[in-house]
Amino acid sequence: MQRRYIVKKHENIHGSINGRGRKTTWWIYLSWISKIQVNQPAVLRRAEQIQARRTVKKEWQAAWLLKAVTFIDLTALSGDDTSSNIQRLCYKAKYPIREDLLKSLNMHDKGLTTAAVCVYPARVCDAVKALKASGCTIPVASVATGFPSGQTHLKTRLEEIRLAVEDGATEIDVVINRTLVLTGQWEALYDEIRQFRKACGEAHLKTILATGELGSLTNVYKASMIAMMAGSDFIKTSTGKETVNATFPVAIVMLRAIRDFFWKTGNKVGFKPAGGIRSAKDSLAWLSLVKEELGDEWLTPELFRIGASTLLSDIERQIYHHVTGRYAAYHDLPMS
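In this text the structure is predicted, and so the values were computed from the model without any measurement.

Student: Explain the overall build of the protein chain to me, please; I cannot follow it from the model alone.
Tutor: When helices and strands are counted, the protein chain shows 13 helices and ten strands. Considering only intrachain contacts with a sequence separation of at least 6, the fraction spanning at least 24 residues in the protein chain is 76%. Put simply, the protein chain shows about 15,100 Å² of open surface, and 50% of that area lies on carbon and sulfur atoms.

See the structure below:
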């Protein structure tokens, strides 16, 4: 499907590059943003194609599932998180699949881990300490900026980023103020994300759009483009706390925005679906979508993540079935 079927109006954008090789100073005409329209019927048809596709089987499925593990941001974002919970989370991130299962697949010596662990700012120190004690270099990601609503004072949100970075987070998952999107304040959204980018310093900025609360696919595309213009390293679908989280239609729109941005600037921005991705079968569909829309270059942890808390358990269960021919009981697999 050609991108003209997705975006009906698109004009050139220009900018300059700083020392990090990223577009940071933009002369954009807000009229360009206002004229963009997404072709919703075309997006929905593409989404139907994805959902109707048959998945891979047998050894190919096992290989893709192990690859999916390396994209997971293993997440703990509950009000009752404690230091002991985070220690277990970090242990599971380092040892995501039972060693005897990996030996059966000749993968026990490949250093298989999840891509990162993702926690609340107050738990960053616990995660950094646990990973350091285990001799593991898995990145620690922290949500920030009034997660999940984004409705706190801007000063508070910026300070939350700085504190998380000081505590050792190397990735920051910020959430935007959805009001700015719903009221069409694109310049204000750009300025806000630019401040998030500055507060992150050298930490990677992953911008959560909370697409289930943006009102339309057109707004999803516009917000995606603004977030990338402002210096986001990743754009992310959801907090996982909305009524509607990661869906294929919004993913298609975001992936096309990433592709448009790359074609126009040469900068690769990552993609992270999150919220509601719980089954191994779901993870295979997401990998397939990214491969088809952006190509193999994006199938690396540097450019693709899956935010999930329970997905890993089902992937390990499917690997167990592939190796043994039967499904595991709950006591057969270690829990995070």
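Student: Looking at this model, I keep getting lost on the pairing of strand S7 (residues 204-208). Mind explaining?
Tutor: Both faces of the sheet carry side chains from a regular strand, because those side chains alternate between them. Summarising burial for S7: four of the five residues are buried, a large majority. The pairing of strand S6 (residues 171-175) with S7 spans five bridges and is parallel. Counted as the bridge partner of Glu171 is His204 from S7. As defined by bridge partners, S7 adjoins strand S8 (residues 234-236) across three bridges and the pair is classed as parallel. Directly across from Lys206, in S8, lies its bridge partner Phe234. Tracing the backbone out of S7, into helix H10 (residues 217-229) and back to the parallel element S8 gives a crossover that is right-handed.

Student: Quick question: what am I supposed to make of the pattern of salt bridges here?
Tutor: Any two side chains of opposite charge can pair, given that their charged atoms come close. One pass over the structure, following the stated rule, counts 22 salt bridges. Taking the shortest distance from any N to any O, the salt bridge between Asp73 and Lys206 comes out at 2.8 Å. Of the two residues, Asp73 sits in strand S3 (residues 72-76) while Lys206 sits in strand S7, which places them 133 residues apart along the sequence. Notably, a salt bridge pairs Lys268 with Glu297, separated by 2.4 Å at the nearest N-O pair. Of this pair, Lys268 sits in the loop between helix H11 (248-265) and strand S9 (270-272) while Glu297 sits in the loop between helix H12 (280-294) and strand S10 (306-308), and the two are 29 residues apart along the sequence. Lys268 sits in the partly exposed class, given a relative accessible area of 33%. Of the residues examined, Glu297 reaches a relative accessible area of 47% and is grouped as partly exposed. Three or more residues joined by partner-sharing salt bridges are found here, namely Asp73, Glu171, Asp173, Lys206, Lys236, Lys272 and Arg305.

Student: Just checking my understanding: could you explain the packing of aromatic side chains for this structure?
Tutor: Geometry of an aromatic ring pair is reported as the spacing of the ring centres plus the angle between the planes. With the rule as written, the count across this model stands at seven aromatic pairs. A ring pair is formed by Tyr120 and Phe147, whose centres lie 6.0 Å apart and whose planes are at 75°; its orientation type is edge-to-face. Within this pair, whereas Tyr120 is found in the loop between strand S4 (116-119) and helix H6 (124-133), its partner Phe147 is found in the loop between strand S5 (140-144) and helix H7 (154-166), the two being separated by 27 residues in sequence. Here a set of aromatic residues connected by ring pairs shows up, and it is made of Phe71, Phe248, Phe271, Trp286 and Phe304. Above the plane of the ring of Trp298 lies Lys268, whose end atom (NZ or CZ) is 5.6 Å from the centre.

Student: So what exactly am I meant to see when it comes to the environment of Phe147 here?
Tutor: In this structure Phe147 comes out as buried when scored by relative accessible area, which is 12%. In this structure the C-alpha to C-alpha distance between Phe147 and Ile208, which are 61 residues apart in sequence, comes to 9.4 Å. Non-local contacts of Phe147, meaning those with residues more than four positions away in its chain, are made with Leu77, Tyr120, Val175, Ile208, Thr239 and Lys241.

Student: Which parts of the structure should I look at to understand the environment of Gln61?
Tutor: Secondary-structure assignment places Gln61 in helix H3 (residues 58-69). With 219 residues separating them along the chain, Gln61 and Ala280 place their C-alpha atoms 9.5 Å apart. If sequence neighbours within four positions are ignored, Gln61 has contacts with Thr55, Val56 and Leu284.

Student: Would you take a moment to explain the sheet that holds S8 for this structure?
Tutor: Strand pairing in a sheet is mediated by backbone hydrogen bonds. Such pairs are either parallel or antiparallel. The strand order S9-S8-S7-S6-S5-S4-S3-S10 describes an open sheet built from eight strands, whose pairing is parallel. The outermost strands of the open sheet, each flanked by one partner alone, are S9 and S10. Sheet twist, expressed as the average angle between the axes of neighbouring strands with direction ignored, equals 25°. Those strands touched by helix H9 (residues 186-200) are S6 and S7, and its axis lies near 150° from that of S7. On top of the sheet, helix H13 (residues 311-324) reaches S3 and S10; it is set at about 125° to S3, its chief contact.

Student: When you look at the pairing of S3 in this model, what are you seeing that I'm missing?
Tutor: Most of S3 sits out of view: five of its five residues are buried. Side-chain alternation along S3 places Ile72, Leu74 and Ala76 on one buried face and Asp73 and Thr75 on a second face that is also buried. Where S3 and S10 come together, three bridges link them in parallel fashion. Residue pairing in the sheet places Ile72 in a bridge with Ile306 of S10.

Conventions and cut-offs
Residues numbered from 1 in each chain as written. Predicted model: local features only at pLDDT ≥ 70, side-chain atom pairs only at ≥ 80, totals over all residues. Heavy atoms only, no water. Helix = DSSP H or I, 4+ residues; strand = E, 2+ residues; numbered from the N terminus. Contact = heavy atoms within 4.5 Å. Areas by Shrake-Rupley, 256 points an atom, 1.4 Å probe, with all protein chains shown as cover. Buried < 20%, exposed > 50% of the residue type's maximum accessible area, 1.4 Å probe, protein only. Pairing = 2+ DSSP bridges. Right-handed = clockwise from strand over helix to strand, strands pointing away. Salt bridge = Lys/Arg side-chain N within 4 Å of Asp/Glu carboxyl O. Phe/Tyr/Trp six-rings, centres within 6.5 Å; stacked < 30°, edge-to-face > 60°. Lys NZ or Arg CZ within 6 Å of the ring centre and 35° of its normal. Axes fitted to C-alpha atoms, helices over the stretch in contact; angles between N-to-C directions.

Read these as spatial facts, not as claims about activity.
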